[in-house]
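# Structure at a glance
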There are 4 protein chains.
Amino acid sequence: MAGSSFGTLFRITTWGESHGRGVGVVVDGCPAGLSLNEEDIQKYLNRRKPGQSNYTTKRQEADVVEILSGVFEGRTTGTPISLIVYNNDQRSKDYSNLMDIYRPGHADYTFDKKYGLRDYRGGGRSSGRETIARVAAGAIACKLLEEMGITVFAYTKSIGGIGITKENFSKEKRDKNALFMPDEKAFEEAKEYVEQLITNGDSAGGIIECQIEGLPVGLGEPVFDKLSANLAKAICSIGAVKGFEIGDGFFATYSSGSMNNDAFVRREDGTIGKATNHSGGVLGGMSDGSTLIFRAGFKPTPSIARKQHTINRQGEETEIIVKGRHDPLIVPRAVVVVETMAACVLFDLLLCNMTARLDRIKDFYVKKDSIQS
Amino acid sequence: MAGSSFGTLFRITTWGESHGRGVGVVVDGCPAGLSLNEEDIQKYLNRRKPGQSNYTTKRQEADVVEILSGVFEGRTTGTPISLIVYNNDQRSKDYSNLMDIYRPGHADYTFDKKYGLRDYRGGGRSSGRETIARVAAGAIACKLLEEMGITVFAYTKSIGGIGITKENFSKEKRDKNALFMPDEKAFEEAKEYVEQLITNGDSAGGIIECQIEGLPVGLGEPVFDKLSANLAKAICSIGAVKGFEIGDGFFATYSSGSMNNDAFVRREDGTIGKATNHSGGVLGGMSDGSTLIFRAGFKPTPSIARKQHTINRQGEETEIIVKGRHDPLIVPRAVVVVETMAACVLFDLLLCNMTARLDRIKDFYVKKDSIQS
Amino acid sequence: MAGSSFGTLFRITTWGESHGRGVGVVVDGCPAGLSLNEEDIQKYLNRRKPGQSNYTTKRQEADVVEILSGVFEGRTTGTPISLIVYNNDQRSKDYSNLMDIYRPGHADYTFDKKYGLRDYRGGGRSSGRETIARVAAGAIACKLLEEMGITVFAYTKSIGGIGITKENFSKEKRDKNALFMPDEKAFEEAKEYVEQLITNGDSAGGIIECQIEGLPVGLGEPVFDKLSANLAKAICSIGAVKGFEIGDGFFATYSSGSMNNDAFVRREDGTIGKATNHSGGVLGGMSDGSTLIFRAGFKPTPSIARKQHTINRQGEETEIIVKGRHDPLIVPRAVVVVETMAACVLFDLLLCNMTARLDRIKDFYVKKDSIQS
Amino acid sequence: MAGSSFGTLFRITTWGESHGRGVGVVVDGCPAGLSLNEEDIQKYLNRRKPGQSNYTTKRQEADVVEILSGVFEGRTTGTPISLIVYNNDQRSKDYSNLMDIYRPGHADYTFDKKYGLRDYRGGGRSSGRETIARVAAGAIACKLLEEMGITVFAYTKSIGGIGITKENFSKEKRDKNALFMPDEKAFEEAKEYVEQLITNGDSAGGIIECQIEGLPVGLGEPVFDKLSANLAKAICSIGAVKGFEIGDGFFATYSSGSMNNDAFVRREDGTIGKATNHSGGVLGGMSDGSTLIFRAGFKPTPSIARKQHTINRQGEETEIIVKGRHDPLIVPRAVVVVETMAACVLFDLLLCNMTARLDRIKDFYVKKDSIQS
């Protein structure tokens with residue numbers, strides 16, 4: 001089956017392997033008229049670029065994006081936007097020893113069983129490089145949301161259980177450290193923790209939180225395409241994600257109805273708000289006008305610099321030391337992946353929502369003077 | 001937009017409101033040749049039927065399913081199976097006072113803003129009765145999986161933080177108590193907790209875990225249609241779910257690579273297994289042959305028997321006491337919903353997986369002698 | 001695979017067999033706020049009802065539609081609309097002799113080979129009764145289009161080569177005769193032709209033309225979801241259709257560019273029009289503001305009252321006389337099927353088109369005051 | 001909306017404009033294990049390459065395809081295959097005069113109205129170059145079908161009404177002349193006709209027929225995804241196609257049931273065949289084991305070397321002479337487009353068909369020894 005496409009009206013289709021010619025994405029359904037150039041996308045890609053700190057892979061990739069279609073004289077035309085990022089620094093021979101062996105925690109075994117063969121170089125299609133295509137596409141979604149006054153902000157909430165505190169949190173601090181933790185104190189602690197793991201040839205996991213402001217009420221479709229459901233799929237489709245929660249999430253299971261319900265209140269400007277936001281901005285699967293808040297839990301990077309017990313293609317037990325240049329910690333580089341995937345979901349649902357009411361559809365066509373006899 | 005359909009090849013489309021004529025589902029893509037009758041489906045519906053204990057709504061509904069199409073002489077024909085459950089016990093006037101008021105924690109406000117009007121009787125489309133259609137469709141998926149030797153088993157893992165222990169856990173115990181907790185001791189504690197809440201006019205949340213055994217390796221599609229991603233969407237599309245995790249889930253974020261990686265081992269029968277199962281049965285988004293394990297976190301039922309602060313349609317602050325007959329605890333009745341939604345995802349991916357390899361496709365058509373000149 | 005759903009945003013899912021409990025459809029994505037009752041749908045169903053003339057089956061079916069969901073207090077709510085028509089006059093034993101035999105021109109053989117079994121009563125899922133569900137769903141699409149000032153009008157253009165002439169054509173005449181031919185003279189001739197065939201136990205085919213007025217410019221999506229392509233699929237999915245053409249259709253293959261191109265002209269009201277309409281209202285796959293015109297070619301009904309040579313399930317040659325009550329001519333009853341299927345395509349593309357331009361999306365959300373912080 | 005993707009399981013997504021960086025396609029859902037290299041694809045592209053005769057545009061494009069992903073060591077891996085063809089010979093200034101003017105018969109006007117702006121260089125996305133992506137993707141489908149013993153063969157059936165005759169028809173002759181007409185006599189006549197039109201600065205249309213042999217019985221899904229319906233959409237989505245018919249097509253509307261029904265017969269090898277093939281290989285929307293035959297009608301190329309009356313962006317009447325290098329006849333180059341689009345439909349339905357029967361699904365998984373506990 002397919003499986004490389006995501007979205008209904010704003011629809012992205014990604015392709016590419018870690019050590020092939022490159023990775024890319026086709027964005028179909030981007031509305032016409034958005035001002036767009038490579039730099040708009042590049043700045044998002046730069047946030048996930050490897051080689052930026054001790055906590056990420058040493059692999060050096062320029063990861064320069066090219067726009068191949070869909071933009072004319074600086075504006076999107078409504079036709080599919082094809083984006084490509086060529087692979088440069090391919091040290092494939094690092095992986096030749098993996099041809100016949102299954103790395104624990106990786107997709108080697110499952111790929112081999114499913115397809116009968118696999119591109120064993122650097123994880124192939126299951127490599128983290130696959131997320132380049134997501135970020136490139138999502139950068140466009142982010143820009144579209146900005147035009148609507150909607151902002152998406154993700155950050156590292158915790159590393160190995162070392163979390164930021166509400167008191168120290170401030171958005172401005174996020175980009176000040178290599179872990180993208182908007183809390184200096186937590187960053188210092190987490191840094192130490194990670195460095196210890198690196199010394200031991202080990203790796204860490206962590207949690208990313210994302211906050212979206214400015215959403216209209218009603219995004220998301222009842223039943224299967226709930227805002228929360230589509231976000232859950234988008235986020236859990238990112239490699240290494242093992243958990244997703246929205247609002248109070250699993251914590252809500254400890255709460256009671258009287259504590260967890262958010263009372264509706266009348267805001268000073270006459271609009272409807274909520275006294276609290278345990279729901280995380282979603283009621284009945286639709287945005288409720290409050291800040292949308294969700295979290296993604298990432299497992300520790302499976303590539304570690306330690307000898308591990310495993311099996312080879314012939315079914316024999318053996319040991320492996322994974323070479324190559326890997327992230328001891330995938331979370332910091334995943335922050336922008338979470339942000340951009342969320343943006344794809346939100347803009348898609350924003351488009352879908354336009355057809356919910358007949359009066360607005362009529363209004364849309366009549367006001368636009370589009371009906372001609 | 002649509003949003004009432006789910007699945008790619010095994011595709012379900014649900015309809016119906018709480019206080020309308022009934023609820024139903026069309027199952028398209030069910031393969032021909034499955035022995036199927038109403039009883040096969042009814043036994044799943046009976047597990048979510050209201051009025052079965054003190055911990056669920058007193059509303060009495062027979063919830064009898066009828067098969068309207070797609071079955072001929074006791075076997076599925078490959079054409080769409082239409083299932084209907086009529087609503088019987090409709091005390092709509094219980095809800096007349098909700099016409100103009102938004103219940104905290106419910107979808108009243110978001111529905112009204114999105115559509116400009118809503119069926120205010122008992123939650124309408126956002127009612128828990130919507131899950132009848134999921135369970136009816138998923139019962140068919142469960143039966144199909146059984147034919148493949150795959151079993152899906154969900155149970156209440158915790159209520160308000162009171163959880164079962166590994167030691168006491170035993171599948172046989174699940175159906176022995178009204179909370180579907182397969183641990184008597186935990187059940188006794190949880191029971192007390194819930195009864196206390198009921199006394200206070202309050203409600204509880206909890207966690208459901210699901211275990212699937214017998215899966216072939218390789219189900220799930222790389223990138224967006226990962227087994228974990230599709231499960232996440234299915235589960236988070238169930239009303240009241242605020243969190244989803246697979247395998248060690250959020251706990252994995254505290255772990256390290258060396259602890260979290262599951263070593264591959266050779267089983268006695270020569271097949272490949274894993275020494276541990278932190279992954280929860282998924283590697284690279286595909287089933288890895290181990291038990292698939294995931295959890296869903298449910299918020300406390302928002303309908304509580306207490307006065308709550310809120311807003312009416314006119315934007316004025318007011319207070320509300322939600323009448324009607326509600327579950328102080330949605331978790332027990334949701335166990336079968338989780339099970340059947342998981343079954344839908346799994347059978348769908350099982351079908352999708354059949355086209356992964358050219359040699360098997362050729363084998364399929366040649367062996368079946370289907371090609372005629 | 002599925003295959004019982006059609007449409008992207010306005011999405012219909014049909015079910016039901018000829019001699020089962022009934023046939024039905026779920027309409028998902030109908031916008032909220034449309035005034036709708038059973039009568040709105042019934043009047044379309046009545047146009048395809050059997051037993052209305054000598055030229056259609058004697059089978060008597062009331063074909064009464066019931067709305068099971070999605071409508072509240074006379075208005076659509078935005079949730080799925082479930083429609084059902086129960087089968088009444090089921091003389092299944094008429095078909096018992098068909099259990100083991102393949103009728104020429106029918107789907108008996110292909111169903112049996114594909115699924116390994118089939119509901120042999122009256123064609124089962126491949127019966128013309130399947131179109132009831134299309135008409136019921138399309139009636140809603142027609143009503144939605146009316147609200148937008150768009151009218152869809154289909155009629156019998158020819159029967160067995162006997163066609164109406166441009167001079168005699170007048171819309172008012174269509175419903176004046178049993179063949180729905182808006183040309184009395186052609187009707188008289190066709191009537192004679194059909195009666196002759198009936199006498200001979202034979203059947204006739206014909207062509208239906210459809211004209212749509214009032215479309216905005218730009219409906220349809222470039223490349224695969226062209227207006228013409230989606231219409232072609234919709235129309236060719238109707239049983240017995242063997243050909244589809246738009247505008248001048250196959251006749252255009254005899255023409256030259258200088259004759260076939262339609263010159264753009266300025267209308268008196270300042271809007272842009274075309275001097276001619278060889279294109280049939282579609283340019284580059286999008287509506288061009290002129291009348292949309294397409295035609296569907298129907299083969300003669302395969303059920304004839306004559307002995308035919310065929311094969312049985314055991315692969316033996318044999319002869320068959322098809323009993324049961326069949327239409328000697330499917331065209332008249334198919335007129336409303338063509339009309340309603342076209343309406344489904346058009347309203348779906350009308351919704352899809354709303355997201356084409358960023359300025360209009362911004363306008364939509366800002367003007368509606370839907371964005372709240 | 002999107003609209004640049006086609007197919008369910010074998011799914012292609014195209015991108016690119018006439019005078020942008022290039023055109024390309026992502027093929028998702030290609031099974032693993034197919035031997036594939038650039039040459040396999042290039043030979044199909046060469047058949048649509050411009051500049052090959054007097055009857056096609058003089059534009060010289062190498063149209064060299066590159067495989068960017070999805071193939072490893074000469075075999076497909078089951079991951080998306082990204083193909084790109086760069087544009088070389090871009091004489092964009094030929095089009096500067098078209099910036100503000102709407103060419104009759106082209107998509108200029110509809111694009112402008114839909115999107116508010118357009119890439120006016122050479123038709124942009126609506127250019128015939130868009131079909132490069134279809135052919136590249138379809139070449140893979142053709143190779144997959146070959147592996148299944150299925151052959152797809154399209155050819156020019158008529159030009160401006162000058163058609164080949166059954167007697168003279170022979171497949172071998174097709175590639176012997178520039179019009180791809182497998183009948184020398186018809187070719188000579190058509191050649192003269194086209195040369196006359198070229199002299200007059202005019203253009204011609206024509207009909208392409210396609211024959212597919214070796215199909216298993218049962219491809220296609222009842223109701224909306226009929227083989228005939230999906231083919232109709234695929235073919236009518238090709239620019240300039242105005243008509244589609246299958247088997248006897250519109251001619252069947254003149255026939256009677258007794259003449260049009262194909263009697264089933266027992267072949268010498270014991271399999272079931274048909275005495276005639278009026279149905280064109282489709283019964284009830286599914287392949288019936290006979291040769292699949294369909295036709296596509298192409299309008300004359302709208303770009304002609306004559307002065308034409310039209311309107312500019314400002315709504316003023318004006319005249320235009322279309323410069324640039326255009327095909328006086330699109331049909332010959334479209335032959336391979338029809339062939340490859342048909343292949344995409346057929347291979348997709350061949351995959352979809354694998355899930356029709358439970359016994360075969362069980363057989364598939366059990367025999368493959370894929371189920372592990």
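Residues numbered from 1 in each chain as written. Chains lettered and ligands numbered in written order. Predicted model: local features only at pLDDT ≥ 70, side-chain atom pairs only at ≥ 80, totals over all residues. Heavy atoms only, no water.

Turning our attention to the overall build of chain A. Regarding its fold elements, chain A presents eight helices and 18 strands. Here chain A has a C-alpha radius of gyration of 22 Å; the compact-globule value for 373 residues is 21 Å, and the two agree. Its C-alpha atoms put chain A at 70 × 55 × 35 Å along the principal axes. Looking at chain A as a whole, 70% of its 373 residues qualify as buried. (Helix = DSSP H or I, 4+ residues; strand = E, 2+ residues; numbered from the N terminus. Rg over C-alpha atoms; globule rule 2.2 N^0.38 Å. Buried < 20%, exposed > 50% of the residue type's maximum accessible area, 1.4 Å probe, protein only.)

Let's shift gears to the sheet that holds strand 11 (residues 241-246) of chain D. Strand order across the open sheet formed by 10 strands is 9(C)-8(C)-10(C)-16(C)-11(C)-11(D)-16(D)-10(D)-8(D)-9(D), with antiparallel pairing between neighbours. Two strands bound the open sheet, and with one partner strand each, they are strand 9 (162-163) of chain C together with strand 9 (162-163) of chain D. Here strand 10 (residues 206-213) of chain C runs beside strand 16 (residues 292-298) of chain C; their pairing, made up of seven bridges, is antiparallel. What sits directly across from C:G206, in strand 16 of chain C, is C:F298. (Pairing = 2+ DSSP bridges.)

All names here are of chain B. Taken together, five strands build an open sheet; the order of strands is 1-2-3-7-4 and the sheet is antiparallel. Looking at which strands have only one partner, the edges of the open sheet turn out to be strand 1 (5-6) and strand 4 (65-67). Judged from the six bridges that link them, strand 3 (residues 22-28) and strand 7 (residues 81-86) form a sheet pairing that is antiparallel. Bridging across to strand 7, G24 finds its partner in I84. Running at roughly 155° to strand 4, helix 1 (residues 38-48) makes contact with strand 4 and strand 7 of the sheet. (Contact = heavy atoms within 4.5 Å. Axes fitted to C-alpha atoms, helices over the stretch in contact; angles between N-to-C directions.)

Our focus in this paragraph is the relation of the copies chain A and chain C. For the pair of chain copies, the relating operation is a rotation around an axis with a shift along it. Its rotation angle being 180°, the transformation that places chain A on chain C also includes 0.0 Å of axial translation and leaves an RMSD of 0.0 Å. Such values leave the two copies arranged in the relation of a two-fold axis. A share of 100% of interface residues in chain A that are also interface residues in chain C marks the association as one of identical surfaces. (Least-squares fit on C-alpha atoms with pLDDT ≥ 70 in both.)

A full pass over the atoms with the stated rule returns 104 salt bridges over all chains. For A:D327, the salt bridge is made with A:R333, and the minimal N-O distance between the two is 3.0 Å. Each member of the pair, A:D327 as well as A:R333, carries the same accessibility label: buried. Ionic pairing is found between C:D288 and C:K274, a salt bridge with its closest N-O pair at 2.5 Å. Taken together, the residues C:D288 in the loop between strand 15 (286-287) and strand 16 and C:K274 in strand 13 (residues 272-274) connect sequence positions 14 residues apart. Judged by its relative accessible area of 14%, C:K274 falls in the buried class. (Salt bridge = Lys/Arg side-chain N within 4 Å of Asp/Glu carboxyl O.)

On to the interface of chain C and chain D, then. Each partner contributes residues to the interface: chain C has 105 residues there, and chain D has 106 residues. The junction of chain C with chain D conceals about 8400 Å² of combined surface from both sides, 63% of it contributed by carbon and sulfur atoms. Taken together, the connections running from chain C to chain D amount to four salt bridges. Across the pair C:D225 and D:K233 runs a salt bridge whose closest N-O atoms are separated by 2.4 Å. One can count 43 residue pairs in polar contact (both at pLDDT 80 or more) joining chain C with chain D. Of the residues that constitute the side of chain C that touches chain D, the class distribution is 44 nonpolar, 40 polar and 21 charged. Here three bridges tie strand 11 (residues 241-246) of chain C to strand 11 of chain D, and the two strands are oriented antiparallel to one another. Among the inter-strand pairings, C:G243 is bridged to a residue of strand 11 of chain D, identified as D:E245. (Buried area = accessible area lost by both parts, 1.4 Å probe. Polar contact = N/O pair within 3.5 Å; in protein donor to acceptor, adjacent residues only side chain to side chain. Nonpolar A, V, L, I, M, F, W, Y, C, P; charged D, E, K, R; others polar.)

Turning to the layout of surface pockets, a few remarks are in order. One number sums up the size of the largest pocket: a volume of about 1400 Å³. Contributing to the lining of the largest pocket are 45 residues, with C:E245, C:F250, D:E245, D:F250 and D:F251 lying nearest its centre. Of the residues assigned to the lining of the largest pocket, the class counts are 16 nonpolar, 17 polar and 12 charged. Here the second largest pocket defines a volume of roughly 870 Å³. Forming the boundary of the second largest pocket are 30 residues, of which B:K157, B:E245, B:D248, B:F251 and B:R295 lie nearest the centre. Elements that contribute at least two residues to the lining of the second largest pocket include exactly strand 8 (151-159) of chain A together with strand 8 (151-159), strand 10 (206-213) and strand 16 (292-298) of chain B. For the lining of the second largest pocket, a count of residues per class yields 11 nonpolar, 10 polar and nine charged. (1 Å grid on protein atoms, 1.4 Å probe; cavity = no way out; pocket = protein on both sides within 12 Å on 5 of 7 lines; lining within 4 Å. Points joined across faces, edges and corners; volume = space filled by probe spheres on them.)

Moving on, we get to the pairing of strand 10 of chain C. All names here are of chain C. Taken across its eight residues, strand 10 has seven buried, putting it largely inside the fold. One ladder, built from eight bridges, connects strand 8 (residues 151-159) with strand 10; its direction is antiparallel. Bridge pairing links T151 to E213 in strand 10.

What follows deals with the side chain of D:N230. Position of D:N230 among the secondary structure elements: in helix 5 (residues 227-236). D:N230 sits in the buried class, given a relative accessible area of 11%. In this view, D:N230 contacts C:K233, D:F6, D:F224, D:D225, D:V345 and D:L349; residues no more than four positions away in its chain are not counted.

A few words now on the interface of chain A and chain C. Counting from both sides, the interface comprises 38 residues of chain A and, opposite them, 38 residues of chain C. Carbon and sulfur atoms make up 62% of the surface buried where chain A meets chain C, a total of about 3700 Å² over both sides. Where chain A packs against chain C, one counts two salt bridges. Our enumeration of links across chain A and chain C arrives at 10 residue pairs in polar contact (both at pLDDT 80 or more). Mapped by element, the contributors of at least two residues to the side of chain A that touches chain C are helix 3 (130-147), helix 7 (331-352) and helix 8 (358-367) of chain A. Residue contributions to the side of chain A that touches chain C peak at eight residues, all from helix 8 of chain A. Within the side of chain A that touches chain C, the residues separate by chemical class into 21 nonpolar, nine polar and eight charged.

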